[in-house]
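# Close look at the chain arrangement
Take a look at the letters that make up each chain.
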Amino acid sequence: MPRQKTQPIETYRRQVNARYTPSFSHAAPTTGFIDPRSNDLVRGLAAFATTSAGIVRERREATFEAEALAAKENLSAFKRELGAYLENTPDRGLGDPASYQEDINEMRAKYFDSLSNSKLKNMVNTEVDVYLKGQFGALQEYAEGQQREKLGKSTLLSAFEEVQQQMRKGGLSRKEALSKLQTTGKYLLESEAIAMNPDSLGKYLVELQSMNGEEQDSLIAEAFEDSELISVPIRADLKRLKQHAEALKPAQRELARLDLMGNIEGLIDKGKLTKDWFKPYIAQGIFSASDATHYLDAQKKRQAQAQTNLNYVASFGHKDLKYLPAKDQQTALQYNHSLFLKEYGPEKGQQKFDALLRANGVVYKTYQSVLGAGLTAVGSVAKSEDEVPRNTTEGYALYKRLKALGMADAHLTDKEAMAYSAIETHMELMGSSFTEAYNTYAQFKNNPYAQTVRLSPRERINLGEEIKDELSATKEWGWFKDNPQAFQDIVPGYLARLRDLQAMGIPQDKAKEVVLDRVKNTYAVINGSLFNKRFFGPDFNPEDIENRVNVLIEDIKKHNPDIPKDKKLTLQQMEGGRYLVIDEVGVPFSDKNDKSYLFTHHQLMGKGANTATALLEEKGRQELEQKMRRNQALERIKGIPLSGH
C-alpha cells in the first residue's frame, strides 16, 4: 500500500493546539502524522508560563515588603519629629490643630510621598490620621487637666489667705476657719468646673502647709489631717507637718535659727538661696514665710549691687565690695576711682576714694602696680628733681598717702616697703631732699656692694633678740620666745636689710629702728607662731585670728582623744596661703595614724562648712544652749518651796 504524502510539521502543530468544540463533533476526523515531541513542548511552555508568573509575583511581593519596612521606619521618624515640633511651638502643641496643618503636611510628604504602592500608602495615611487625632486629643486633655489644677490651687490659696486675714482681724474663729477650708477642698474635688485630682490636691496641701509653718498657719494641716477627701499617706504627712510646726518653743527656735545663719549667709554670698531651701525650716517653725522673703530680698539687693555695672558708689564704704569675685572687685575699684576723680576733682576725689577704699578693707591692685613701678624705674643719679623718674615720684607720693591711711603694708612686698622706708628715713633723718634721697638709693641699687657694712656676731644676735622682744612685747606669748624655729627664716633677711640701710648712710640705731618697725608692721605672733599681716589685708585682727586658730586646734583634739589636753599645738603659715599644724618645737604634728593637718586660708578665714567660722558658730550655739539650761535649772530651783520652819 503506497504511503500518504507527509504534511509539514507546522501544520500539525496547529492541529495539535486545536480544542474540541461540540459544533464540530460530526466533522470527519483528520488523518495524518503527529510529531511525538509536541506533548513535551506543550508541557514546557506551560511550565515556563507558570515560572514567569511566579517570578513576577515574588518581585512584586519583595517590593511591597521593602516599602512596608521603610514606611514603618518613616512612621516612627515622623512621630518623633512631630513630637519635637509640637514641643517647640509657642503654645507647646496646645493651640488650634489647624494652625499646624501646613507644617504637618510637609512632614507627611517628606516621609510618605515616596511610597509607590497605593494600598500601602492608604494604610499608612490611615494610621497617621489616627495617630494625629489621638495626639491632639491627649494634648488637649492634658492642657485641660493642667488648667483645672492651676485653677484649683489658685482657689485654695485665695481661700487660705482670706481665712488668715479674717482671723487676724478677729472676724473669724478658728473653728469657722477650719470649716471654710474643708468646704473649699470638697468643692475643688466635686465641682464640674474644676474636678481637681485628689492626689494633686493632697500634694498642694502639703506644699502649702510646708510654706506656712507658724502656729497659726498650721490651719491647713489641722483642716485636712483627718479628711477622707485625700489619701492616707498625705494625711500622715500633714499630721507630721502640724507636729513640727507646733513643737518648737521660742528658745529652741532661736537656737536653731542661730545654727542656720552661717548657711544662709554662705548661700546669699553665692546667690544660691532659694524659696525651696526654707520649706523644711518653715514647716518646723524655725523660720516664717516672712523671714524667707526678707532673706531672699536681701540676696536680690546684694546681687543687684554686684551686677549693675559694678556701681558701688552708694554702698562703696560699707564693705559690700567683698562680696564680689576678685576680678570683678578690681573692676569695681577702677570704675569708682575714675568716677570719683571725674566727679569730685583730682584732689578731693582721690581723698574720698582712698577713705572709702580703707573702709572696705581691700587691696587695690592698681596701687600695687604704681608702687612697684616706682622702684623699678630707679636708674641713674638725677641732677635735679625733674630728672627723677616720674614713676618713682608718683610711687613715693602714693606710699606716703597709703602709710597715713594705714594701708601701705597691705599693698607692698617686704622688699618694696624697706626701699620706700629707706628713702623716707634718709629725708627725715639726714634732712635730704627727695632728689638727694633718691640718688642715695639709686647709687646703692646700682652697686649694692660699693659700701660693705659688716655686723659683728654680737650685733647679729642682739638684733635677733630685739626682733623677738618687739613681737612679744604686747602680750605674754608663753613658749614663743623659746621657739628657735620661729626666726630661722626672717632674722637673716632683716640682718641684710639692716646692712643695706647702713650702706645708704643711715646710722645703725636709726636703721635698726626702721628694721624693727618693718618687723612689727609685717608680722604678728599668734598662738606662738608668726603670721604675715599682708595675707589678711588692712583689717588685720589678731584676736579674731587667735580664736580661729584655737578652735581648729580644739577640733583636732576633739577627734583625737589620745592627744593630751595640755599638748601645745599651733598653725604655721606656709607659702600659697596654707597653714600647717606644728608642735611647740616647730615640728609638723602627726596623730597616731601618722596623719598631718594642713588648712587652707579659706578654712581659717572663710565661711561655710569645714571652716573655723562654722566651728566658732557651733561653739557659740553650744555655749548659748548651756546658758539657757543653767537658767532653766535656776528657775526650777526658785520654784521649789523650802522645807523646815
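Residues numbered from 1 in each chain as written. Predicted model: local features only at pLDDT ≥ 70, side-chain atom pairs only at ≥ 80, totals over all residues. Heavy atoms only, no water.

## Points about the overall build of the protein
Secondary structure summary: the protein contains 24 helices and 5 strands in total. Buried residues in the protein amount to 38% of all 645 residues. Taking contacts inside the protein between residues at least 6 apart in sequence as the whole, the part at least 24 apart equals 61%. By element, 52% of the accessible surface of the protein is carried by carbon and sulfur atoms, the whole surface being about 38900 Å². (Helix = DSSP H or I, 4+ residues; strand = E, 2+ residues; numbered from the N terminus. Buried < 20%, exposed > 50% of the residue type's maximum accessible area, 1.4 Å probe, protein only. Contact = heavy atoms within 4.5 Å. Areas by Shrake-Rupley, 256 points an atom, 1.4 Å probe, with all protein chains shown as cover.)

## Re the packing of aromatic side chains
Tallied over the entire structure, the rule returns 18 aromatic pairs. Aromatic side chains Tyr399 and Tyr420 sit 5.2 Å apart centroid to centroid with 15° between the ring planes, which places their arrangement in the stacked category. A residue pair is termed long-range when its members are at least 10 positions apart, and Tyr399 in helix H15 (residues 390-405) and Tyr420 in helix H17 (residues 414-430) qualify at 21 residues. On the basis of relative accessibility, which here comes to 4%, the residue Tyr399 falls in the buried class. For Tyr420, a relative accessible area of 0% gives the class buried. Members of the aromatic cluster, joined through ring pairs, are Trp277, Phe278, Tyr281, Phe287 and Tyr295. (Phe/Tyr/Trp six-rings, centres within 6.5 Å; stacked < 30°, edge-to-face > 60°.)

## So, the confidence of the model for the protein
Do not read the fine detail of predicted coordinates wherever pLDDT is low. Put simply, the protein has an average pLDDT of 76, and 74% of its residues get 70 or more. Taken element by element, the protein is modelled with least confidence in helix H1 (residues 9-16), mean pLDDT 44, and with most confidence in helix H14 (residues 365-376), mean pLDDT 92. Low pLDDT, under 50, characterises residues 1-28; the stretch is placed with 13 contacts to residues that sit more than four places away or in other chains. Of the regions scoring below 50 in pLDDT, residues 474-481 engages in 25 contacts with residues more than four places distant in sequence or in other chains. (pLDDT = per-residue confidence, 0-100.)

## Observations regarding H14
Since the α-helix packs 3.6 residues into each turn, any two residues three or four apart lie on the same face. In a regular helix each residue adds 1.5 Å, so 12 residues correspond to 16 Å; H14 covers 16 Å between its end C-alpha atoms and thus fits that length. Along H14, the positions that sit buried rather than exposed are Tyr367, Leu371, Gly372, Gly374 and Leu375. Taken end-on, H14 shows its buried residues confined to a sector of 150°, consistent with a single buried face. Exposed positions of H14 whose direction lies more than 90 degrees from the buried face are Lys365, Ser369 and Thr376. (Expected span 1.5 Å × (residues − 1). Arc of directions from axis to C-beta.)

## A few points about the nonpolar core
If you look at the biggest cluster of nonpolar residues, it comprises 52 residues, and the most contacted ones within it are Leu357, Ile467, Tyr494 and Leu501. Counting residues per element, this core draws most heavily on helix H20 (residues 490-503), which supplies 7 residues. Counting residues in hydrophobic clusters, the runner-up holds 25 residues, among them Leu156, Phe160, Val163 and Leu219. (Core = buried A, V, L, I, M, F, W, Y, C linked by side-chain atoms within 4.5 Å.)

## Topic: unusual backbone geometry
At Asp594, a position not held by glycine, the phi torsion is positive, near 60°. Along the chain, Asp594 turns up in the loop between strand E4 (578-583) and strand E5 (598-600). If you check the backbone angles, Asn610 has positive phi at about 60° while not being a glycine. Its place among the elements puts Asn610 in the loop between helix H23 (601-605) and helix H24 (612-638).

## Remarks on the packing of H14 against H15
Packing of H14 against H15 brings their axes to within 7 Å, and their N-to-C directions diverge by 130°. On the basis of the axis angle, H14 is oblique to H15. Here H14 and H15 pass one another in a crossing that is left-handed. Taken together, the residues of H15 that come into contact with H14 (itself represented by Tyr367, Val370, Leu371, Ala373 and Gly374) are Asn391, Thr392, Glu394, Gly395, Leu398, Tyr399, Arg401 and Leu402. (Axes fitted to C-alpha atoms, helices over the stretch in contact; angles between N-to-C directions. Parallel < 35°, antiparallel > 145°, perpendicular 65-115°, else oblique. Left-handed = near helix turned anticlockwise from the far one by under 90°.)

## Focus: the sheet that holds E5
One key point about sheets: their strands pair by backbone hydrogen bonds, in either a parallel or an antiparallel sense. Strand order in the open sheet formed by 3 strands is E3-E4-E5, and the pairing between neighbours is antiparallel. Pairing within the sheet leaves two strands with one partner each, and these edge strands are strand E3 (569-574) and E5. Averaged over all pairs of adjacent strands, the angle between strand axes in this sheet comes to 35°, irrespective of strand direction. Bridge analysis of E4 against E5 gives 3 bridges, and the strand direction is antiparallel. Residue Leu580 lies in a different strand from E5, and its bridge partner there is Leu598. In the packing of helix H22 (residues 542-558) onto the sheet, contacts are made with E3, E4 and E5, and the angle to E3 comes to roughly 120°. (Pairing = 2+ DSSP bridges.)

## Some words on the pattern of salt bridges
All chains considered together, the criterion is met by 18 salt bridges. Note that Arg518 is salt-bridged to Asp409, the shortest N-O span being 2.8 Å. Of this pair, Arg518 sits in helix H21 (residues 508-522) while Asp409 sits in helix H16 (residues 408-411), and the two are 109 residues apart along the sequence. With a relative accessible area of 21%, Asp409 lands in the partly exposed category. Between Arg621 and Glu618 there is a salt bridge, with its nearest N and O atoms 3.1 Å apart. Taken as a pair, Arg621 and Glu618 lie in helix H24 at a separation of 3 residues, close to a single helical turn. Sharing partners across several salt bridges, the network here consists of Asp259, Glu618, Arg621 and Glu625. (Salt bridge = Lys/Arg side-chain N within 4 Å of Asp/Glu carboxyl O.)

## Brief notes about the packing of H15 against H17
Closest axis-to-axis distance for the H15/H17 pair is 11 Å, and the angle between their directions is 85°. Comparing the axis directions of H15 and H17 gives the class roughly perpendicular. Between H15 and H17, the contacting residues are Gly395, Tyr396, Tyr399, Lys400 and Lys403 on the first element and Tyr420, Ser421, Ile423, Glu424, Met427 and Glu428 on the second.

## Regarding the side chain of Arg548
By the secondary structure assignment, Arg548 is in helix H22. Here Arg548 is in contact with Leu604, Met605, Gly606, Ala612, Thr613 and Leu616, once residues within four sequence places are set aside.

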